[in-house]
Amino acid sequence: MPVGLFRVCLLVITAIVNHPLFFPKENGTVPENTEEIIQKMKEREESLRLEQLRLEQEIADQEATQKALEKAAVVVEESKEEKVRWDMWTALSMVIFLLIELWRQDFQEGNWQDTGGEEDDMAVLGKAFKGVAFPDKAVLASFYEKRILGTTGDMARMREMVEGFADDLLEALRSVCNRDADMEVEDCMGVGSMYENWRVRKPFVCDLIVPFAPPEPYCFRCQTWCSGDSFPPDEQGYGTIKVCRADEDATGCICDKTKLGEDMLCLLHSQVSSTRPSSEMEDLLCFKNTQYLDANQVMKWFQIAVTKAWNRISHKYEFDLSFSLLDSPGALKIKFKSGKSIAFNLTPVVQYENSDVYFISHFPRSSLAADIPSSTHWFLTFAVYERRFIQLVSKTLPANACHVSCLQILSFLHGKQCSLTGPSGLTNYHLKTVLLHLLQACPSQDWAPEKLEARLQDMLKFLEKCLHEKKLYHFFIGNGKVPAELGFPIVFQRAEPLNLFRPFVLRRDIYRKMVDTFHEMLRNMSALINEYTVHIPLAHTNGIRKEPL
């Protein structure tokens, strides 16, 4: 019983003590804390909502990015497939185009070679001749007789005089040179229009080439673009000349051909003496730090040697000798006391192996002299074979054949036109190349003297065709039909044909000038010929002889 009362009392006391009214100050902040908690809960709820929105936005952006990437990948894949298809069609189109172009070129080249002598085929090319008044046979014959034929005797006398003096000058040159150290000079040879009897324009200039060789024990190793070595396209037609010892092979050493023994060392292939002293090679007129012959060094040596030679023999002659052109180191001029002068070119050359092909340091009066890749690149000249070919063909032609007359008339017209409108890329060598091609293509009887007019038209039409196609192939290089009697080197016959008009393909200004000059020459042809021709009455062509007015 007492225990129960005690429990009841303890319960009542505990209830009274824990009643909130007994502690008004401590429990008075409960309502305020509750509002603050509620406010914080609301803020937390708002921040969570914003975070949820942000996350949803990020998820949406990621999904959009993923879709964009997938779409881009699809586009790239489609573009690759389209590009592959386009590349295939482009390649196929290019192949077809090249095949058509090759077929067209082969057809055209074969066409003129097979039917070059037929006037019907040649007439297809004469588009530039429409409206051009071509001189008739009588006018051409009179022009040739009055203006050109009389120059033959003058050329013969000049050749004889220049050759005699050049021989004397070279003999003096040998005497002033050191035979143990200087180059050895051989006899000169006449080439070009003066020695092929077709030069017509004054002043007459003789072209002489002088072969030279290195002193013993050295020799020249010639390398051409068609000898198997790799030459870039802009160096086609050129070659290099390497100065080697005579006991060396093409690679410069004999150790591969000789058994030296185990205790012997090849000094050439050793690292210490792999090259010769630069001063020694420069004394041999080589380019600095190389074994290749330098054309500029050769011309400087030749000028100095010629000057010394002239000083030795000048007392024997009653004229002066001087270098006439700064840009042509071998251009010499003889000046007489009367005021008259004779010009000639004396150019050093290097013989290619045992042939009459020569490496020439420069071409006198050449408009493309600046196109030489470097001074160690030498152009090849086939002038000796060209002269021999003309002489060989002339033996098979009718008496008084018109082939030389055609070239003389065309050269005269071109020279007169250039004096009116200025020089162009077209040269007399291009005109001679046209004649060489036609001499090989046309039958011998087509060059009879009465066919002068027809053959002159053929030359003009052939030249027009070459200008239109920008292709005029070198006569000897790549020509497998060169007569065997000439003894022409087979390596050049088997080479790829050399296009003489290739330099004009990228130089449009010079090409345009060349074509314009040719067309102007055609239009002015009658006027240029009539200017130097005695008037011929029309009745003269009908067999009625009348005195000229």
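Residues numbered from 1 in each chain as written. Predicted model: local features only at pLDDT ≥ 70, side-chain atom pairs only at ≥ 80, totals over all residues. Heavy atoms only, no water.

**Some words on the overall build of the chain**
Which entries qualify depends on this criterion: Each helix corresponds to a stretch of at least 4 residues labelled H or I by DSSP, and each strand to a stretch of at least 2 residues labelled E; elements are numbered beginning at the N terminus. To sort residues, take the accessible area from a 1.4 Å probe on protein chains only and compare it with the maximum for the residue type: under 20% means buried, over 50% means exposed, and anything in between is partly exposed. Here, residues are in contact when the closest pair of their heavy atoms is within 4.5 Å. Using a 1.4 Å probe, the Shrake-Rupley method yields the accessible areas, and only the shown protein chains count as cover for residues.
If you tally the helices and strands in the chain, you get 15 helices and 10 strands. For the chain, buried positions account for 40% of its 549 residues. The contacts of the chain with a sequence gap of at least 6 include a subset with a gap of at least 24, amounting to 70%. Per element, the accessible surface of the chain, about 32,700 Å² overall, is 57% carbon and sulfur.

**Overview of the UniProt feature "coiled-coil region" (unreviewed entry) in the chain**
Note the cut-off: UniProt positions are given in the numbering used here, feature names are shortened, and annotations may be inferred rather than shown by experiment.
Residues given the UniProt feature "coiled-coil region" (unreviewed entry) here are residues 38–72. Secondary structure across residues 38–72 comprises 100% helix and 0% strand; the distance between its end C-alpha atoms is 50 Å.

**Focus: the pairing of strand β5 (residues 238–245)**
To keep things clear, this is the line we draw: Note on pairing: two strands pair once DSSP finds at least 2 bridges between them.
In terms of residue burial, β5 counts as a mostly covered element, since 7 of its 8 residues are buried. The pairing of β5 with strand β10 (residues 378–381) spans 2 bridges and is antiparallel. Within β10, the residue paired with Gly239 across the bridge is Trp378.

**Some details on the confidence of the model for the chain**
Rules: Each residue carries a pLDDT score, the predictor's own confidence in it, on a scale running from 0 to 100.
Per-residue pLDDT for the chain has a mean of 79; in total, 74% of the residues score no lower than 70. Contacts from residues 108–125, a stretch scored under 50 in pLDDT, to residues over four places away or in other chains number 27 contacts. Segment residues 256–260 is flagged for pLDDT under 50; beyond a separation of four residues in sequence, or across chains, it makes 3 contacts in the model.

**Topic: the packing of aromatic side chains**
Two measures describe an aromatic ring pair: the distance that separates the ring centres and the angle between the ring planes. For clarity, the cut-off: Pairs were defined over the aromatic rings of Phe, Tyr and Trp, the Trp ring being its six-membered one, requiring ring centres within 6.5 Å. Orientation was assigned from the angle between planes: stacked under 30 degrees, edge-to-face over 60, tilted for the rest. Two limits define a charge over a ring: the Lys NZ or Arg CZ must be within 6 Å of the ring centre, and within 35 degrees of the ring normal.
This model, assessed by the stated rule, comprises 27 aromatic pairs. Here Trp310 and Phe319 contribute two aromatic rings whose centre-to-centre distance is 5.9 Å and whose plane-to-plane angle is 10 degrees, an arrangement assigned as stacked. Exposure class is identical for Trp310 and Phe319. Each is buried. When the ring of Phe488 is compared with that of Phe492, the centres are 6.1 Å apart and the planes differ by 45 degrees; the resulting orientation is tilted. For the pair shown, Phe488 and Phe492 are each scored as buried. Three or more aromatic residues joined by ring pairs make a cluster, and in this case those are Trp225, Tyr352, Phe359, Phe382, Tyr385, Phe389, Phe475, Phe476, Phe488 and Phe492. We note Arg245 situated over the ring of Tyr218; from NZ or CZ to the ring centre the distance is 5.8 Å. Note that Lys470 overlies the ring of Tyr511, its terminal NZ or CZ placed 4.5 Å from the centroid.

**Focus on the pairing of β10**
Direction of pairing for strand β9 (residues 358–360) relative to β10: antiparallel, over a ladder of 3 bridges. Within the sheet, the bridge partner assigned to Phe359 lies in β10 and is Leu380.

**Looking at helix α9 (residues 383–394)**
Each α-helix turn comprises 3.6 residues. Residues three or four places apart therefore point the same way. Here is the rule: Working rule for helices: expected span equals 1.5 Å times residues minus one.
Here α9 contains 12 residues, and its C-alpha end-to-end distance of 17 Å stays within 8% of the 16 Å for a straight helix at 1.5 Å per residue. By the burial criterion, the buried members of α9 are Ala383, Val384, Tyr385, Glu386, Phe389, Ile390 and Val393.

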